[in-house]
Structure formats: structure tokens, C-alpha cells
Amino acid sequence: QVQLVESGGGLAQPGESLRLSCAASGITLDHYAIGWFRRAPGKEREIVTCISKSHDRTYYTDSVKGRATISRDNAKNMVYLQVNTLRPEDTAVYYCAATPVVGWCPVLDYEYDYWGQGTQVTVSS
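I will try to describe carefully the structure that is included in this document. Predicted model, so just to flag it, every value in this text is computed and none were measured.

### Things to note about the nonpolar core
Here's step 1: Residues Leu4, Leu29, Trp36, Leu81 and Tyr94 are the most contacted members of the largest nonpolar core, which totals 28 residues.
Here's step 2: If you list the elements that add at least two residues to this core, you get strand E3 (18-25), strand E4 (33-39), strand E5 (46-51), strand E7 (68-73), strand E8 (78-83), strand E9 (92-99) and strand E11 (119-123).
Here's step 3: The contacts of Leu4, once residues within four sequence positions are left out, are Cys22, Ala23, Ala24, Ile27, Leu29, Cys96, Ala97, Ala98, Tyr114, Trp115, Gly116 and Gln117.
Here's step 4: Ala33, Phe37, Ile47 and Ala97 belong to the second-largest nonpolar core, a separate cluster that totals seven residues.

### With respect to the pairing of E8
Here's step 1: Burial runs high along E8: five of the six residues are buried.
Here's step 2: Of the strand pairs in this sheet, E3 and E8 are connected by six bridges, and their pairing is antiparallel. Considered in E8, the bridge of Leu18 is made with Val83.
Here's step 3: Relative to E8, E7 runs antiparallel, the two being bridged by six bridges. Within the sheet, the bridge partner assigned to Ala68 lies in E8 and is Val83.
Here's step 4: Taking the residues between adjacent antiparallel strands as the criterion, E7 and E8 are bridged by four residues, where Asn77 takes a positive phi near 55°.

Conventions and cut-offs
Residues numbered from 1 in each chain as written. Predicted model: local features only at pLDDT ≥ 70, side-chain atom pairs only at ≥ 80, totals over all residues. Heavy atoms only, no water. Core = buried A, V, L, I, M, F, W, Y, C linked by side-chain atoms within 4.5 Å. Buried < 20%, exposed > 50% of the residue type's maximum accessible area, 1.4 Å probe, protein only. Helix = DSSP H or I, 4+ residues; strand = E, 2+ residues; numbered from the N terminus. Contact = heavy atoms within 4.5 Å. Pairing = 2+ DSSP bridges.

Remember that the coordinates give geometry; whether it matters functionally is a separate question.
What follows is the structure in C-alpha cells.
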């Protein structure tokens, strides 16, 4: 059984920071490329960031470049998304996803095999 469980979401004010966590079971994350996606109200799900299986490639969507960091802790079988200087437009349900693809981390949601249930991030003053 494969499970990805996100946590760390909540309410934040603009300018604050959040760190989201994704805990995996049933798979070992260091064998997978990992992506973070989000779905904002009224919008399609979009890539936020991903990290390759080999850990040496990352991608960040333009709206979070300079503010977000994806990282992984293989010993804990977890992956994280740190977002600083939060903006109201960061409000969304955030999902982690995993794929065993070799090479560059995929940026399209259909390329991922496993998904978490999502965690809500609300940025509001």
C-alpha cells in the first residue's frame, strides 16, 4: 500500500512562511522524483516545484521562484516544501506526488503515479 500524506498547511498572513511536509509509506522516496502541485480556487491544478530522483535537478514555477524550496530527507522518507513571503495567490490545496521516472522531474500531473490527499494553505490578512 502506497500513501503520501501532506501536513503543515493552515492559515498564514501575507509575508509569512510555511513549511509543508509529505510523509511516504509503501515507497521509498529516494527512488522517486517528487513534485508539489497546487489547486487554487477556480483554477486547474498546477506544478509548484519538483525534484528529480537523482536530487540534482529541480524546477520551480515562476510564481514561487525565489520564495520556495523543495527538499527531501531520505532518512525520514519525507519531502518538504518551504514557501516564504506568502502571497494571497498562494492560497490553494497543496499536493505532493511521486513518480519513478528517471531523469528530469515531470511537471505535468498525469506523469505522476502516487498522490497525497492535499493540505489547505490559506494566505489572508
